[in-house]
Amino acid sequence: MLEWFGLPQGSAHSAEIDYVVDLTHWLMLVLCVGWGLFFVYTLIRFRQGANPVANHHGIKAVWSKYLEGLIVLAEVVLLVVFSIPAYNARVAAFPAEPQSTVVRVVAEQFAWNVHYPGPDGVFGRTDIRLVNTDNPLGLDRSEAAAKDDLFTINEFNMPVDKPVIVHLTSKDVIHSFGLPQMRVKQDAVPGLVHSVWFTPTMTGDWEIACSQLCGLGHYRMRGFYTVQSQADFNAWVQEQRELMAP
Amino acid sequence: MDHASTIGHPAGGAHAHTHAHAEPGFLRKYVFSVDHKVIGIQYTVTALLFLFFGFALMMLMRWQLAYPGQPIPLIGGLLGVANAPGGIMLPEFYNQLGAMHGTIMVFLGVVPLAVGGFGNYVMPLMIGAPDMTFPRLNMASYWLYFVGGVIMLLSFLAPGGAANSGWTAYTPLSNIATVGQTWWLGGMLFLILSSLLGAVNFITTIVQLRAPGLTWGRLPFFVWAQLVTSFLLLLAFPALQAAAFLQASDRLFGSSFFNPSGLVVSGQVLEGAGGGNPLLWQHLFWFLAHPEVYVLILPAMGIVAEILANNTRKPIWGYKLMVGSVIFLGFMSFVVWAHHMFLTGMGTTISAFFQTTTMIISVPSVIILSALFLSLYGGSIRYNTPMLFALAFLPMFGIGGLTGLPLGLASADIPLHDTYYVIGHFHYVVAPGTVFALLAGVYYWYPKVTGRMMNEMLGKIHFIGSFITINLIFMPMFIQGLAGMNRRLYDGGQQYAHVQDVLGWNLTMSHASWGLGLFQLIFIVNFFMSLKTGKKVDANPWRATTLDWAATTSPPLAHGNFETVPTVYRDAYGYSVPGASADFIPQHAEKA
């Protein structure tokens, strides 16, 4: 359904999420049509002109109890079989970090800072006292682990078909890290680190959409993300490294 | 049931006003009145004004969404240079309008109308009471609400304008917002206090002041709905009251309940921040604001049930089931709040819990809605204006409820959270749902208050126009939401590539919202014109069964409501009873 409205299923879990959306809408459709027909029928059949004397006892409906039961059953199935497993897979069951692309994303009014750990796989220490315009993350450059770190603003590249783990936080207010084509959305809460993971399966260029009101620039808190082949990603990393070199 | 002693009237059936009352002066009678009917009218009129004002804010926003960056025609120049230089709305102002639209509609419009207005005017009449248990508290409740409303309005004049962090006022954004946010908190303190006083009064009145013979099983569904609503207000609002104090303390006294350590705002380390948690605010806020949703819906369901029974000329279907459901709904509404917070970093256990409670709470809602649908079967349906609005409530609330399903399932919530889908969902519940029910109530009880009917032709035009335009506003929101268009965007989402195909709906929706505004003018004209020219009617023009219609038309002010306290002999829905001579038997009619 979301695909039909223009959002490609860009990640491995997209289909699972979309399936829950689809099923709930099928349930809605059935109920809307069913009750709609009943509604229209009663409005016409039992108008005063056609039925001058009302029946005090009304409908003796046994089927309404069964209908109620069916709706409950449908909801239980949606919940237990589909939604809870799908959601739990998102917030638990993380892949191993060495086999994944791991980044920190630090949101601020009104930009996305993306922090790559570099070849050593270790994020350098950050300190708010070091934050300035050239160093939006407050990275401690004197530290060994920080030497090979990369950071970008509003630009998030990743290789396709490899799990991505994003450790998400914010410097100021609550933002929400939305990647609509990846079926990823997670609040970035200052003071807390939330992690989110997904496996992009489709290459392309899309936008990071801030999904939580974060101030007057919320509407333009737009970043870009690119899913590319491993070779293209490696080339991009090299390019960024050269840009950052003093 | 010795209720009269509380009020100071002599007990007993024959309750003639032989004792001399000093006639109260104008101020006491019409302004600072302790009479529930005057207070009910004050609430109704004030709340209707706020509803129109809140809607007007949205009509302004819809200009910016349809024509981003273009000067607002006609009134653009009046908005002030700080808000809209050259008539072009600034994002700061857009966010103020958004926050205040939500705040005004919920806290100053719908709840005061549903509870303060209808609850105050109709409920005591419906239970045969001479007034509320605590008339002075009742007056205090209205005036606290009034002061809260004035503070909210004046906050637009504060430096930096009104609150701009959404009606949800999420921290830390609200903690660092301009001074308008402090005004907002001040206004909320008054509004919450007002609701708490009202709730205490409603509960004690319903428990203590029912007419002789009006047992719980004979109580009209409307009264049950008001009773459960009052418990929700009483038990949920203190959480927000506490939270508002904490936020005010963060803002004014440098405490840090909601600010974590290490905040850097605009490149500056935020002094004094530390140790708090922004999510604490969300938990406290939604602990109120989810029950608050039912505070909006339940009185609407009550109104619809009464109007449906009256205009189908038969009882509502499954009275006991409905009462059971509404009580269960009240309890459950306290354990679903965190389904608004699935994406704040919730783990597996808690999210499973809140998904489950959310599915459970849908069951009593479905039962009530089904019962109302089934009530139509076998009826002899009269299509007058109140009935049209009440009937429209059913499918509209149905759509609102059903579209809550994917949002209540945490997995499906991931793509839909904070998109227009959410706005569509809760507006179907509140606008064409609850507000339509409230309009039905205005048309229905207008003759009780004034002795005159509202004009039927204008009423029907108002209904048809509103029904079409309101659906044109909210239905496209589901499409935009499924396409991933985020809410609260100043430019209506123009910047984002993935929503370009659904941007065009913004024009349809905006034009429909202005159309909806025009149709409300018809209502306003009808409302005032009918005071003078409406058809004069007797005390019970709808041929209804409940006690509110046993009172005289425009019941006398400040003298109790009934010439003699009525005694109730039967249930609330004696319509089309087999063998009866008329198609209705009032609750207070003695057994033949």
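Parameters and conventions
- Residues numbered from 1 in each chain as written.
- Chains lettered and ligands numbered in written order.
- Predicted model: local features only at pLDDT ≥ 70, side-chain atom pairs only at ≥ 80, totals over all residues.
- Heavy atoms only, no water.
- Helix = DSSP H or I, 4+ residues; strand = E, 2+ residues; numbered from the N terminus.
- Rg over C-alpha atoms; globule rule 2.2 N^0.38 Å.
- Contact = heavy atoms within 4.5 Å.
- Areas by Shrake-Rupley, 256 points an atom, 1.4 Å probe, with all protein chains shown as cover.
- Lys, Arg positive; Asp, Glu negative; His and termini not counted.
- Charge placed at Lys NZ, Arg CZ, Asp CG, Glu CD.
- Buried < 20%, exposed > 50% of the residue type's maximum accessible area, 1.4 Å probe, protein only.
- Phe/Tyr/Trp six-rings, centres within 6.5 Å; stacked < 30°, edge-to-face > 60°.
- Domains from an automatic or database assignment.
- Buried area = accessible area lost by both parts, 1.4 Å probe.
- Salt bridge = Lys/Arg side-chain N within 4 Å of Asp/Glu carboxyl O.
- Polar contact = N/O pair within 3.5 Å; in protein donor to acceptor, adjacent residues only side chain to side chain.
- Nonpolar A, V, L, I, M, F, W, Y, C, P; charged D, E, K, R; others polar.
- 1 Å grid on protein atoms, 1.4 Å probe; cavity = no way out; pocket = protein on both sides within 12 Å on 5 of 7 lines; lining within 4 Å.
- Points joined across faces, edges and corners; volume = space filled by probe spheres on them.
- Disulfide = S-S within 2.5 Å.
- Pairing = 2+ DSSP bridges.
- Axes fitted to C-alpha atoms, helices over the stretch in contact; angles between N-to-C directions.
- Expected span 1.5 Å × (residues − 1).
- Parallel < 35°, antiparallel > 145°, perpendicular 65-115°, else oblique.
- Left-handed = near helix turned anticlockwise from the far one by under 90°.

**Here we look at the overall build of chain B**
Link 1 in the chain: Check the secondary structure of chain B and you find 16 helices and two strands.
Link 2 in the chain: For a compact globule of 592 residues, the expected C-alpha radius of gyration is about 25 Å, and chain B comes in at 24 Å, within 12% of that figure.
Link 3 in the chain: For chain B, the spread of C-alpha atoms along the principal axes amounts to about 80 × 55 × 50 Å.
Link 4 in the chain: Considering only intrachain contacts with a sequence separation of at least 6, the fraction spanning at least 24 residues in chain B is 78%.
Link 5 in the chain: Summed over all atoms, the accessible surface of chain B reaches about 19300 Å², with 71% contributed by carbon and sulfur.
Link 6 in the chain: In chain B, 23 side chains carry a positive charge and 20 a negative one; their mean positions are 11 Å apart.

**Here we look at the overall build of chain A**
Link 1 in the chain: The helix and strand tally for chain A stands at three helices and 10 strands.
Link 2 in the chain: For chain A, the α and β elements follow one another from N to C terminus as α-α-β-β-β-β-β-β-β-β-β-β-α.
Link 3 in the chain: What you see for chain A is a C-alpha radius of gyration of 25 Å, clearly larger than the 18 Å of a compact globule of 246 residues, by over 25%.
Link 4 in the chain: On the principal axes, the C-alpha backbone points of chain A span a range of 90 × 35 × 30 Å.
Link 5 in the chain: Relative to its 246 residues, chain A shows a buried fraction of 54%.
Link 6 in the chain: Across chain A, the fraction of contacts at a sequence separation of at least 24, relative to all contacts at a separation of at least 6, is 66%.

**Re the packing of aromatic side chains**
Residues and elements named next belong to chain B.
Link 1 in the chain: Counting across every chain of the model gives 62 aromatic pairs over all chains.
Link 2 in the chain: Aromatic pair Tyr142 and Phe146: ring centres 6.1 Å apart, planes at 40 degrees, arrangement tilted. With Tyr142 and Phe146 both in helix α5 (residues 135-154), this residue pair falls four residues apart, about one helical turn.
Link 3 in the chain: When the centroid spacing of 5.9 Å and the interplanar angle of 55 degrees are considered together, the rings of Phe523 and Phe527 count as tilted. Placement of the pair is Phe523 and Phe527 together in helix α16 (residues 505-533), with a separation of four residues, close to one helical turn.
Link 4 in the chain: Take Phe523: its relative accessible area is 2%, and that puts it in the buried class.
Link 5 in the chain: Put simply, the rings of Phe389, Phe436, Tyr443, Tyr446, Phe463, Phe467, Phe523, Phe527 and Phe528 pair up and form one aromatic cluster.

**Focus: the domain arrangement of chain A**
Residues and elements named next belong to chain A.
Link 1 in the chain: Assigned domains within chain A: domain 1 (14-91) and domain 2 (97-244).
Link 2 in the chain: Between the C-alpha centres of domain 1 and domain 2 there is a distance of 43 Å.
Link 3 in the chain: At the junction of the two partners, domain 1 supplies five residues and domain 2 supplies five residues.
Link 4 in the chain: Taken together, both faces of the contact between domain 1 and domain 2 bury some 450 Å²; the carbon and sulfur share is 34%.
Link 5 in the chain: The largest per-residue losses of area from domain 1 upon contact with domain 2 belong to Ser14, Asp18 and Arg90, which jointly make up 75% of the total buried on that side.
Link 6 in the chain: Linking domain 1 with domain 2 are one salt bridge.
Link 7 in the chain: Put simply, Arg183 and Asp18 hold a salt bridge, and the shortest N to O gap is 2.6 Å.
Link 8 in the chain: Taken together, domain 1 and domain 2 are joined by three residue pairs in polar contact (both at pLDDT 80 or more).
Link 9 in the chain: Put simply, the parts of the chain that give the side of domain 1 that touches domain 2 at least two residues each are α1 (14-45) and α2 (63-91).
Link 10 in the chain: If you tally residues by element for the side of domain 1 that touches domain 2, the top one is α1, at three residues.
Link 11 in the chain: Of the residues that constitute the side of domain 1 that touches domain 2, the class distribution is two nonpolar, one polar and two charged.

**Notes on the interface of chain A and chain B**
Link 1 in the chain: Between chain A and chain B, the contact holds 83 residues from the first and 91 residues from the second.
Link 2 in the chain: Overall, the association of chain A and chain B removes approximately 7400 Å² of surface from exposure, summing both partners, and the carbon and sulfur fraction of that is 68%.
Link 3 in the chain: For the pair chain A and chain B, the number of links is zero salt bridges.
Link 4 in the chain: Counting every contact that joins chain A to chain B gives 28 residue pairs in polar contact (both at pLDDT 80 or more).
Link 5 in the chain: Secondary-structure elements contributing two or more residues to the side of chain A that touches chain B are α1, α2, β7 (184-188) and β9 (204-210) of chain A.

**Focus: the pattern of salt bridges**
Link 1 in the chain: Scanning the model with the defined rule gives 11 salt bridges over all chains in all.
Link 2 in the chain: Residues B:Glu456 and B:Lys460 are paired through a salt bridge, measuring 3.3 Å at the closest nitrogen-oxygen approach. Here B:Glu456 pairs with B:Lys460, and both are found in helix α15 (residues 456-482), just four residues apart, close to one helical turn.
Link 3 in the chain: A single salt-bridge network, built from bridges that share partners, covers A:Arg125, A:Asp127, A:Arg129 and A:Asp140.

**A word on empty space enclosed by the protein**
Residues and elements named next belong to chain B.
Link 1 in the chain: Applying the stated criterion to the full structure yields seven cavities of 30 Å³ or more.
Link 2 in the chain: Reported here for the largest cavity is a volume of approximately 170 Å³.
Link 3 in the chain: In terms of lining residues, the largest cavity is bounded by 20 residues, among which Tyr43, Val111, Pro112, Ser194 and Ser195 are the most central.
Link 4 in the chain: Sorting the residues of the lining of the largest cavity by element identifies α4 (91-126), α5, α6 (180-208) and α7 (221-253) as the ones contributing at least two each.

**Observations regarding the state of the cysteines**
All names here are of chain A.
Link 1 in the chain: On inspection of all chains with the given rule, the structure shows zero disulfides over all chains.
Link 2 in the chain: Here Cys210 is not cross-linked by a disulfide; its sulfur's nearest cysteine counterpart is in Cys214, at 3.9 Å.
Link 3 in the chain: For Cys210, a relative accessible area of 0% translates into the label buried.

**Focus on the sheet that holds strand β5 (residues 164-170) of chain A**
Residues and elements named next belong to chain A.
Link 1 in the chain: The five strands are arranged β3-β2-β1-β5-β8 in an open sheet whose pairing can be described as mixed. Two strands bound the open sheet, and with one partner strand each, they are β3 (150-153) and β8 (194-198). Pairwise comparison of adjacent strand axes, ignoring direction, gives a mean angle of 25 degrees for this sheet.
Link 2 in the chain: Bridging between strand β1 (residues 101-108) and strand β2 (residues 111-116) involves five bridges; their strand directions are antiparallel. Considered in β2, the bridge of Val106 is made with Asn113.
Link 3 in the chain: Contacts from helix α3 (residues 230-244) reach β2 and β3, with the element oriented near 90 degrees to β3.

**Remarks on the pairing of strand β10 (residues 222-228) of chain A**
Residues and elements named next belong to chain A.
Link 1 in the chain: Burial within β10 is extensive, with five of its seven residues counted as buried.
Link 2 in the chain: Bridging between strand β4 (residues 155-159) and β10 involves five bridges; their strand directions are parallel. Bridged to Asn157 within β10 is Thr226.
Link 3 in the chain: Pairing between β9 and β10: six bridges, direction antiparallel. Paired with Glu207 across the two strands is Phe224, which belongs to β10.

**What about helix α3 (residues 36-66) of chain B?**
Residue and element names in this part refer to chain B.
Link 1 in the chain: Taking 1.5 Å per residue as the helical rise, α3 with its 31 residues ought to reach 45 Å, and the 44 Å between its terminal C-alpha atoms agrees with that figure.
Link 2 in the chain: Among the 31 residues that make up α3, 24 are buried, leaving the element largely enclosed by the rest of the structure.
Link 3 in the chain: The N-cap of α3, judged by a side-chain oxygen 2.7 Å from the amide nitrogen of Lys37 a few residues on, is Asp35.

**Structural notes on the packing of α5(B) against α6(B)**
In a pair of packed helices, the angle between the axes and the distance between the axes together describe the arrangement.
All names here are of chain B.
Link 1 in the chain: Interhelical geometry of α5 versus α6 gives an angle of 160 degrees and a closest axis separation of 8 Å. Regarding the angle of α5 to α6, the classification is roughly antiparallel. Between α5 and α6 lies a crossing whose hand is left-handed. In this structure, α5 contributes Leu137, Asn138, Ala140, Ser141, Leu144, Tyr145, Val147, Gly148, Gly149, Ile151, Met152 and Leu154 to the contact, and α6 contributes Trp183, Trp184, Gly186, Gly187, Met188, Phe190, Leu191, Leu193, Ser194, Leu197, Gly198 and Asn201.
Link 2 in the chain: By residue class, the composition of the contact of α5 with α6 is 15 nonpolar, nine polar and no charged.

**Examining the pairing of β5(A)**
Residues and elements named next belong to chain A.
Link 1 in the chain: Of all seven residues in β5, seven are buried, a share of seventy percent or more.
Link 2 in the chain: The two faces of β5 match: Val164, Val166, Leu168 and Ser170 on one face and Ile165, His167 and Thr169 on the other face are all buried.
Link 3 in the chain: Bridge count for β1 against β5 is seven bridges, and the pairing is parallel. Directly across from Val105, in β5, lies its bridge partner Leu168.
Link 4 in the chain: As paired strands, β5 and β8 are joined by five bridges and run antiparallel to one another. Note on β8: the bridge partner recorded for Val164 is Phe198.

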